[in-house]
Amino acid sequence: MNAPFNKHANNAATSPAFLSLWEVEAYYGESYIVQNISFSIHEGEILALLGRNGAGKTSTLRTIARLGNPELRHGEIWLDHKPLHEMKSHQAAAAGIALVPEDRRIIAGLTVEENLQLAQIAPPKGWSLDRIYDLFPRLGERRKQEGVTLSGGEQQMLAIARALARDIKVLLLDEPYEGLAPVIVQEIAKTLGVIRDQGITTVIVEQNAVAALKLADRAVILDTGSVVFDGSAAEVLENSDLRAQYLAI
Ligand SMILES: Nc1ncnc2c1ncn2[C@@H]1O[C@H](COP(=O)(O)OP(=O)(O)OP(=O)(O)O)[C@@H](O)[C@H]1O
Ligand SMILES: [Mg+2]
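None of the values given here were measured: they were computed from a predicted structure. Here the residue numbers are simple positions, counted from 1 along each chain's written sequence. Each chain is given a letter, starting from A, and each ligand a number, starting from 1, according to the order in which they appear as written. Reporting of local features is limited, given that this is a predicted model, to residues whose pLDDT is at least 70; pairs of side-chain atoms are given and counted only at 80 or more, and all residues count toward the totals for whole chains, interfaces and linings. As a convention, hydrogens and water are excluded, and side-chain values are obtained from all of the structure's heavy atoms.

Asks: Please explain the environment of Gln198 as it appears in this structure.
Replies: Position of Gln198 among the secondary structure elements: in the loop between helix H7 (182–197) and strand S8 (201–205). Only protein chains enter the accessibility calculation, which uses a 1.4 Å probe. A residue is then buried if its area is under 20% of the maximum for its type, exposed if over 50%, and partly exposed in between. According to the relative accessible area criterion, Gln198 is partly exposed, its value standing at 42%. Elements are defined by DSSP. Helices are runs of H or I of four residues or more, strands are runs of E of two residues or more, and each kind is numbered from the N terminus.

Asks: Any chance you could explain the layout of surface pockets here in plain terms?
Replies: The gaps of empty space that remain are located by a probe, the size of a water molecule, rolled over the atoms. The pocket and cavity definitions rest on a 1 Å grid over protein atoms only: a 1.4 Å probe that fits but cannot leave marks a cavity, an open set with protein on both sides within 12 Å along at least five of seven lines marks a pocket, and residues lining either have an atom within 4 Å of a point. Grid points are joined across faces, edges and corners, and a volume is the space filled by probe spheres set on the points. When its volume is computed, the largest pocket comes out at roughly 520 Å³. Together, 22 residues line the largest pocket, and Ala98, Leu99, Pro101, Arg162 and Arg166 are the ones closest to its centre. Three residue categories are used. Nonpolar comprises Ala, Val, Leu, Ile, Met, Phe, Trp, Tyr, Cys and Pro, charged comprises Asp, Glu, Lys and Arg, and polar comprises the others, including Gly. Split by residue class, the lining of the largest pocket holds 14 nonpolar, 3 polar and 5 charged.

Asks: When you look at the pattern of salt bridges in this model, what are you seeing that I'm missing?
Replies: Any two side chains of opposite charge can pair, given that their charged atoms come close. Salt bridges are defined as contacts in which a side-chain nitrogen from Lys or Arg sits within 4 Å of a carboxyl oxygen from Asp or Glu. Across all of its chains, the model carries 11 salt bridges by this definition. Arg142 is the partner of Glu141 in a salt bridge, and the nearest nitrogen-oxygen pair spans 3.2 Å. Take Glu141: its relative accessible area is 61%, and that puts it in the exposed class. Owing to a relative accessible area of 23%, Arg142 belongs among the partly exposed residues under this scheme. Taking the shortest distance from any N to any O, the salt bridge between Asp230 and Arg218 comes out at 2.9 Å. Of this pair, Asp230 sits in strand S10 (residues 226–232) while Arg218 sits in strand S9 (residues 218–223), and the two are 12 residues apart along the sequence. A residue is classified by how much of its surface remains accessible, and Asp230, at 16% relative accessible area, is buried. What you see here is one network of salt bridges that share partners, running through Arg138, Glu141, Arg142, Glu154 and Glu187.

Asks: Could you clarify how one ought to interpret the packing of helix H3 (residues 112–119) against helix H6 (residues 152–164) in this entry?
Replies: Between two packed helices, the angle of one axis relative to the other and the distance separating the axes together describe the packing. With their axes 8 Å apart at the nearest point, H3 and H6 run at an angle of 30° to one another. With respect to their mutual orientation, H3 and H6 come out roughly parallel. Every pair of crossing elements has a handedness; the one defined by H3 and H6 is right-handed. Contacts between H3 and H6 involve Val112, Asn115, Leu116 and Ala119 from the former and Leu158, Ala161 and Arg162 from the latter. For the contact of H3 with H6, the class distribution of residues is 5 nonpolar, 1 polar and 1 charged. Fitted lines through C-alpha atoms give the axes, limited to the stretch in contact for helices. The angle between two N-to-C directions lies from 0 to 180 degrees. By definition in this entry, angles of less than 35 degrees are roughly parallel, angles greater than 145 are roughly antiparallel, angles of 65 to 115 are roughly perpendicular, and the rest are oblique. By the definition used in this description, the sense in which the near helix is turned from the far one sets the handedness, with an anticlockwise turn below a right angle giving left-handed and a clockwise turn giving right-handed. Contacts are assigned to residue pairs that have any heavy atoms within 4.5 Å of one another.

Asks: Explain the site of ligand 1 to me, please; I cannot follow it from the model alone.
Replies: What surrounds ligand 1 is the set Tyr28, Ile33, Arg52, Asn53, Gly54, Ala55, Gly56, Lys57, Thr58, Ser59, Glu175 and Gln207. Pairs of N or O atoms within 3.5 Å make up the polar contacts considered here, provided that, within protein, one atom can donate a hydrogen while the other can accept it, and that residues adjacent in sequence are counted only when both atoms are side-chain atoms. Separating an oxygen atom of ligand 1 from a backbone N or O atom of Ala55 is a distance of 3.2 Å. In the model, an oxygen atom of ligand 1 is placed 2.7 Å from a nitrogen or oxygen of the Lys57 side chain. When ligand 1 is considered free in solution it has 630 Å² of accessible area, and contact with the protein chains removes 60% of it. The leading source of residues in the shell around ligand 1 is helix H1 (residues 57–64), at 3 residues. In the shell around ligand 1, the residues fall into 3 nonpolar, 6 polar and 3 charged. Think of it this way: one heavy atom of a residue within 4 Å of a molecule or strand is enough to make that residue near it. Residue burial considers only the protein chains on display, and all accessible areas are found by Shrake-Rupley using a 1.4 Å probe.

Asks: It is not clear to me how the packing of aromatic side chains should be interpreted in this structure. Could you clarify?
Replies: Aromatic rings considered in pairs are described by the distance between their centres and by the relative angle of their planes. Two rings from Phe, Tyr or Trp (for Trp, the six-membered ring) form a pair when their centres are within 6.5 Å of each other. A pair whose planes differ by under 30 degrees is stacked, one over 60 is edge-to-face, and the rest are tilted. With the rule as written, the count across this model stands at 1 aromatic pair. Placement of a positive charge over a ring is assigned whenever Lys NZ or Arg CZ falls within 6 Å of the ring centre and within 35 degrees of the normal to the ring plane. The cationic tip of Arg73 hangs over the ring face of Tyr27; the distance from NZ or CZ to the ring centre is 4.1 Å. Above the ring of Trp127, the side-chain terminus of Arg131 is found at 3.8 Å from the ring centroid.

This is the structure we're talking about:
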């Protein structure tokens, strides 16, 4: 039995962790960046991964997605009893991990629909185009428009939609609200709530901590590559000392 070790007792008593990191250490060359991180997420939860600039949030997401840089040198990462720590990035993707990076990577020269179709090439297929357009009506209206000409908010929607077009279990979002107007942030947050209700597990990294915490079930705060808080999102919203100390808000 390869049950993931769970250092944090949070909800572990009621259900097993779906994604868990155990004593994860990762390096860029000789720079020790992800410093012994452990946390876990239950299926269908949204976890806000927060911390100041340079705390190691992006590096942690990249480590989960097994991108190779930073290099995982110690620890284990389990997804639904599958050892992600033994996988390369394409295997982690096939196991159901999708990383939506900060720069969104919409492919130039392709329409909205072609961007989505490209994501569906590799089986197994995820959500159908109809289901995606149902969730993101703006993308449906603009299906023939070139993806890179979309507004920032629409590009973020396309980046998330493209992840769903694959058969994914976990959505890793790196600063999805960056540069977006509050009304668009609200629209995307509402959509992420619907995606959660459909059973997808989400990790959201955000500088807009309040928006992320309002959406999230749980929060993990990083400081210089280590976990300094692991608990409910509501607890962080209510605890101004914690926010001031680690989030500067
Ligand atoms: N490719 C790299 N090579 C060397 N060091 C890196 C590399 N990428 C990031 N780092 C360093 O790793 C540390 C963590 O960076 P990371 O990007 O994970 O932080 P972050 O929490 O996402 O910050 P931000 O909020 O600014 O996006 C920083 O000190 C950064 O300078
Ligand atoms: Mg970052």
